[in-house]
Amino acid sequence: DDGKLSFDEFKAYFADGILSGEELHELFHTIDTHNTDNLDTEELCEYFSQHLGEYENVLSVLEDLNITILKAMDKTKKDYQEASNLEQFVTRFLLKETLNQLQSLQTSLECAMETTEEQTRQERQGPTKPEVLSVQWPGKRSARRLQRNNSLSPNSPHFNTGWTEEDSQWMTQINRLQKLIDRLEKKDLKLEPFEEEVLEENARSHIMIVQRQMSVVEEEIEEFRLALKQYVESASAQGGCLHVSIQKLPNDSRFIVYEFWENSNAWNSHLQTNYSKTFQRSNVDFLETPELITTMLVPGKYLFFFST
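Because the structure is predicted, anything quoted here is derived from the model rather than measured. (Residues numbered from 1 in each chain as written. Predicted model: local features only at pLDDT ≥ 70, side-chain atom pairs only at ≥ 80, totals over all residues. Heavy atoms only, no water.)

1. Notes on the packing of aromatic side chains
Operational definition: Aromatic rings from Phe, Tyr and Trp, with only the six-membered ring used for Trp, were paired whenever their centres fell within 6.5 Å, and each pair was classed as stacked if the ring planes differed by under 30 degrees, edge-to-face if by over 60, and tilted otherwise. Three exposure classes are used, based on accessible area relative to the maximum for each residue type with a 1.4 Å probe and protein chains only: buried under 20%, partly exposed in between, and exposed over 50%. The way it works is that DSSP assigns letters per residue, a run of H or I at least four long becomes a helix, a run of E at least two long becomes a strand, and they are numbered from the N terminus.
Throughout the structure, instances matching the rule amount to 12 aromatic pairs. Ring centres of Y13 and F14 lie 5.0 Å apart, and the angle between their planes is 85 degrees; this geometry places the pair in the edge-to-face category. Classification of Y13 by relative accessible area gives exposed; the value is 65%. An angle of 40 degrees between the planes, with centres 6.2 Å apart, marks the rings of F224 and F279 as tilted. You can see F224 sitting in helix α7 (residues 221-236) and its partner F279 sitting in helix α9 (residues 274-286), a full 55 residues away along the chain. Residue F224 shares its accessibility class with F279, and that shared class is buried. Of the aromatic side chains, those joined through ring pairs into one cluster are F7, F10, Y13, F14, F28, Y47 and F48.

This is the structure we're talking about:
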């Protein structure tokens, strides 16, 4: 809020999991032409304006779009209450259609961004294969950060893309998940990848699987472990939580947490709890780069049995 960025602030925003800390530090000083160990707006604009290329037109159009939308919102706010029912109906349709168009554009940009990041990451680091099952979907629509929370459902336009070559691996993953969750006390889970079923209205027939990847600052690992332990204990005690497991990659300060929830509603409610928010806030200090969250809805049924 002081109109300038320190290196820590710069790193917290620009770290993308690809550039190393040393590379980020070198970039910071490249942009810091005033040699003040802080970046101001002028320096940032001067640096990025040299690399805009085709995106100069894109950003210019977006600025005009922002102004146009704000004007439309202002007029809607003034006129909506006094409008007739039909005029209000038309306004709601136009708002919905505008939102759909923007979301479609956002989806395309996210796919492009994630594809370029993954390509660069593979070129620089090579694929890292953890010992524990890694749950991801084709297209690599992972969320960054903590910032965005994407989920995949059977109705998603990305649900059926790229699966042909991974059918065998996918079935192996489902079988492993079934064996894992079947062992949970007082809970029985049956995954049915081939069985067709007719869903009742509001039926909760999909289990939410969450993969959270966190790269921890070396000096903060012990503090992070304590915070993570408290988080897992609290999450496991939640009624909608089926299972939580933790994996630390060898020779790396990266942790992967797998969470299995009865449905997306249970996961969303969990995100609103105090212990979840506390863990998120603490990660601001513990993590080198923003957390990567991947969510997936897996077809399955869960039954509860109570001992007599």
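Back to the text.
2. Brief notes about the pattern of salt bridges
For the record, the criterion: Take a side-chain nitrogen of Lys or Arg and a carboxyl oxygen of Asp or Glu: if they are within 4 Å of each other, that pair is a salt bridge.
Taken as a whole and assessed by the stated rule, the structure comprises five salt bridges. With a shortest N-O distance of 3.4 Å, D74 and K78 are connected by a salt bridge. Residue D74 and its partner K78 are located together in helix α4 (residues 55-79), separated by four residues, close to a single helical turn. For K78, a relative accessible area of 59% corresponds to the exposed category. Of the charged contacts, one joins E291 and R212 as a salt bridge, the two residues approaching to 2.6 Å between their closest N and O atoms. Within this pair, whereas E291 is found in the loop between α9 and β7 (292-299), its partner R212 is found in strand β4 (residues 206-215), the two being separated by 79 residues in sequence.

3. What about a nonpolar patch on the surface?
To keep it simple, the criterion reads: Residues enter a patch when their relative accessible area is above 30% and they make no salt bridge; the linking distance is 9 Å between like charges and 5 Å between nonpolar side chains (Val, Leu, Ile, Met, Phe, Trp, Tyr). Only the protein chains shown count as cover for residues, with accessible areas throughout obtained via the Shrake-Rupley method and a probe of 1.4 Å.
On the surface, a cluster of nonpolar side chains totalling about 690 Å² of accessible area is made up of Y55, V58, L59, L62, L65, L102, L105 and L109. Secondary structure elements with two or more residues in the nonpolar patch: α4 and α5 (85-125). Broken down by element, the nonpolar patch gets its largest block of residues, five residues, from α4. Within the secondary structure, L59 is located in helix α4.

4. A short note on the side chain of Q88
For the record, the criterion: What makes two residues a contact is simply this: any of their non-hydrogen atoms within 4.5 Å.
Checked against the element boundaries, Q88 lands in helix α5. Not counting the four nearest positions on each side in its chain, Q88 is found in contact with Y80, Q81 and A83.

5. A short note on the pairing of strand β5 (residues 241-248)
Convention followed: The pairing criterion is simple: DSSP has to find at least two bridges between the two strands.
The sheet contact formed by β5 and strand β6 (residues 254-261) spans seven bridges and is antiparallel. Within the sheet, the bridge partner assigned to Q247 lies in β6 and is I256. Between β5 and β6, which pair antiparallel one after the other, the connecting turn spans five residues, and N251 there sits at a positive phi close to 55 degrees.

6. As for the sheet that holds β6
Note the threshold: A fitted line through C-alpha atoms represents every axis, and for helices the fit uses only the stretch in contact; the resulting angles, taken between N-to-C directions, go from 0 to 180 degrees.
Across the sheet, which stays open at both edges, the four strands sit in the order β5-β6-β4-β7 with antiparallel pairing between neighbours. Unpaired on one side and paired on the other, β5 and β7 mark the two borders of the sheet. Taken pair by pair, the neighbouring strands of this sheet meet at an average axis angle of 15 degrees, ignoring direction. Contacts from α9 reach β4 and β6, with the element oriented near 25 degrees to β4.

7. A closer look at the pairing of β4
Within β4, 10 of the 10 residues are buried, which leaves the element mostly enclosed by the surrounding structure. Here β4 shows no split at all, with H206, M208, V210, R212 and M214 on one side and I207, I209, Q211, Q213 and S215 on the other all buried. Where β4 and β6 come together, eight bridges link them in antiparallel fashion. Across the sheet, residue M214 finds its bridge partner in β6, namely F255.

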